[in-house]
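# Chain and residue survey
The residues making up each chain are set out below.
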Amino acid sequence: MKKVGIIGFGTIGSQIARSIDAGLLSAARLSFIVDSSLSRVEVAKKSIKNDKPQIFSDPDLLFHSESYKDTHIVVESASRAAVRRYAKQILSDGKYLIIFSVGELVDDPFMKELELEAVEHTGVIHIPTGAIAGIDAIKSVRNNIHQVTITTTKNPKSLAGAPYFDIYENIHLQELSNKIVLYEGEVRKAIELFPSNVNVFAALALATGDISKIKVRIIADPNIKVNRHELDVRGDFGILQIVANNIPHPENPRTSALAVLSAMEAVRSACNQTVKIGS
């Protein structure tokens, strides 16, 4: 039995917590939940019925708690800022860390710091597949890739609130009647402009191993009802083309239902490593 702690009780964190609490992840038990939002803390207290995790609103109190010391697996589902602030501490304590705010990891020096911390203290960094498919295949051919193109198409509702629209104030999502290419360029800029929508780009960059080979396109389409990710990977091995048409999660249209299911599978895999499927 593995004890699982969760940092961030948003869409992904809450679904993982409720699944563990309901016994759907039978090898896991909740040890703690932390979220700086008092309203989310109250929701956590009311919605967790069976397990008795410690629930915090102050993340800094977490590291002095008994529940943290007993935790095997920590799930980060809060923000890039949380990864920056807490990941090194968690890894230095030898924990198995599942990171969902993957955008922070495309900072190469920071990622190297985390890797060194994990190696020195036998910690683990787990980056889930998320809302795209084919990551295993891409990892296997990473040394033979010439170019990767990923095109993400979403309904304007799933893109609303991104920093992109603070810069390009002439684009009004609610007035769109046809699809429009909002961005075409490199990964780091895409993550900066659409931080709540493009964890898939960061995961792809880490799987590819060379961020410079990736070209990103982001499209807003008022007539689409899914979050679509189209991958085109070309190299000495041949051509790999993958399309994922993901239903938005009912609680948060910025998050695909597949991303939440991937999150639960990541925890299940971390708790039971007897059988490993895929590379």
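Here goes a summary of the coordinates provided. Here the structure is a predicted model, which is why all the values come from computation and not from measurement. (Residues numbered from 1 in each chain as written. Predicted model: local features only at pLDDT ≥ 70, side-chain atom pairs only at ≥ 80, totals over all residues. Heavy atoms only, no water.)

Moving on, we get to the sheet that holds strand S7 (residues 145-154). Taken in spatial order, the five strands of this open sheet run S8-S9-S7-S10-S11, and their pairing is mixed. On the outer flanks of this sheet lie strand S8 (180-185) and strand S11 (238-246), each paired with one strand and no other. Across this sheet, the average inter-strand angle for adjacent strands is 10 degrees, counted without regard to direction. The sheet contact formed by strand S10 (residues 227-235) and S11 spans nine bridges and is antiparallel. Along S11, the bridge assignment pairs His229 with Ala244. Packing against the sheet, helix H11 (residues 199-208) makes contact with S7, strand S9 (214-220) and S10, and its axis sits at approximately 170 degrees to S7. (Pairing = 2+ DSSP bridges. Helix = DSSP H or I, 4+ residues; strand = E, 2+ residues; numbered from the N terminus. Axes fitted to C-alpha atoms, helices over the stretch in contact; angles between N-to-C directions. Contact = heavy atoms within 4.5 Å.)

Strand order across the open sheet formed by six strands is S3-S2-S1-S4-S5-S6, with parallel pairing between neighbours. Among the strands making up the open sheet, the edge pair consists of strand S3 (54-56) and strand S6 (124-126). Each strand axis lies, on average, 25 degrees off the axis of its neighbour in the sheet, ignoring direction. When strand S1 (residues 2-7) meets strand S2 (residues 28-34), the two strands line up parallel, connected through six bridges. By the bridge assignment for S2, Lys2 is matched with Ala28. Those strands touched by helix H1 (residues 11-21) are S1, S2 and strand S4 (73-76), and its axis lies near 145 degrees from that of S2.

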